[in-house]
Amino acid sequence: MKTDPTAVRALTVIWLLLVALTLMTFTVGEMQLTGPAAVSFVLAMTLLKSQLVASWFMGLRRAPILFRAIMTGYLVVVTAFIIIAYLVGLE
């Protein structure tokens, strides 16, 4: 089986981006940043990482639009529930 070097290069770049995003969220945690801005940043990075994994490593970028929409909707709904739980916890 022959591997396309362009695909390998793209996946490597995506993987490095995922590592960088993970290190950024780790840094926010280690700095013990709190508040809505820090939580929003971490959630945004997590949503972006989830979308990248689903698109590139689960192969959804070539899937029919319905499957991509279902996955994106799922990620947005889970993120929204986390935000709601966070906001309710602030009260």
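Whatever comes next refers back to the structure up there.
The structure displayed is predicted, hence computed values, not measured ones.

S.K.: In this structure, what is going on with the environment of Gln51? I would like to understand it.
M.R.: Examined against the element boundaries, Gln51 turns out to sit in helix H2 (residues 36-57). Along the chain, Gln51 and Val88 lie 37 residues apart, while their C-alpha atoms are 26 Å from each other. Setting aside residues up to four positions removed in sequence, Gln51 forms contacts with Thr72 and Leu75.

S.K.: What am I meant to see in the side chain of Thr25 here?
M.R.: On the secondary structure map, Thr25 appears in helix H1 (residues 5-30). Excluding anything up to four places from it in sequence, Thr25 contacts Val42, Met45 and Lys49.

S.K.: For this particular structure, what's the right way to read the packing of aromatic side chains?
M.R.: The relative placement of two aromatic rings is captured by the distance of their centres and the angle of their planes. For the coordinates displayed, the defined rule picks out 0 aromatic pairs. The ring of Trp56 has Arg61 sitting right over it, with the charged end atom 3.8 Å from the ring centre.

S.K.: Where do I start with a nonpolar patch on the surface in this structure?
M.R.: The grouping of Trp15, Leu16, Val19, Leu23, Val53, Phe57 and Met58 at the surface amounts to a nonpolar patch, some 660 Å² of accessible area in total. Every element with two or more residues in the nonpolar patch is listed here: H1 and H2. Here Val53 shows up in helix H2. By relative accessible area, which is 33% here, Val53 ends up partly exposed.

S.K.: Please explain the nonpolar core as it appears in this structure.
M.R.: Within the largest apolar cluster, 5 residues are counted, these being Ile14, Leu18, Leu21, Met45 and Leu52. Among the elements of the structure, H1 and H2 are those that each provide at least two residues to this core. The dominant element in this core, judged by the number of residues it contributes, is H1, at 3 residues.

S.K.: Before we go on, may I ask you to explain the environment of Leu52 in this structure?
M.R.: Tracing the sequence through the fold places Leu52 in helix H2. Looking at Leu52, the relative accessible area reads 13%, which means it is buried. Taking C-alpha positions, Leu52 is 24 Å from Pro36, a pair spaced 16 residues apart along the chain. Setting aside residues up to four positions removed in sequence, Leu52 forms contacts with Ile14, Leu17, Leu18, Leu21 and Phe57.

Rules and cut-offs
Residues numbered from 1 in each chain as written. Predicted model: local features only at pLDDT ≥ 70, side-chain atom pairs only at ≥ 80, totals over all residues. Heavy atoms only, no water. Helix = DSSP H or I, 4+ residues; strand = E, 2+ residues; numbered from the N terminus. Contact = heavy atoms within 4.5 Å. Phe/Tyr/Trp six-rings, centres within 6.5 Å; stacked < 30°, edge-to-face > 60°. Lys NZ or Arg CZ within 6 Å of the ring centre and 35° of its normal. Patch = residues over 30% accessible without salt bridge, like charges linked within 9 Å, V, L, I, M, F, W, Y side chains within 5 Å. Areas by Shrake-Rupley, 256 points an atom, 1.4 Å probe, with all protein chains shown as cover. Salt bridge = Lys/Arg side-chain N within 4 Å of Asp/Glu carboxyl O. Buried < 20%, exposed > 50% of the residue type's maximum accessible area, 1.4 Å probe, protein only. Core = buried A, V, L, I, M, F, W, Y, C linked by side-chain atoms within 4.5 Å.

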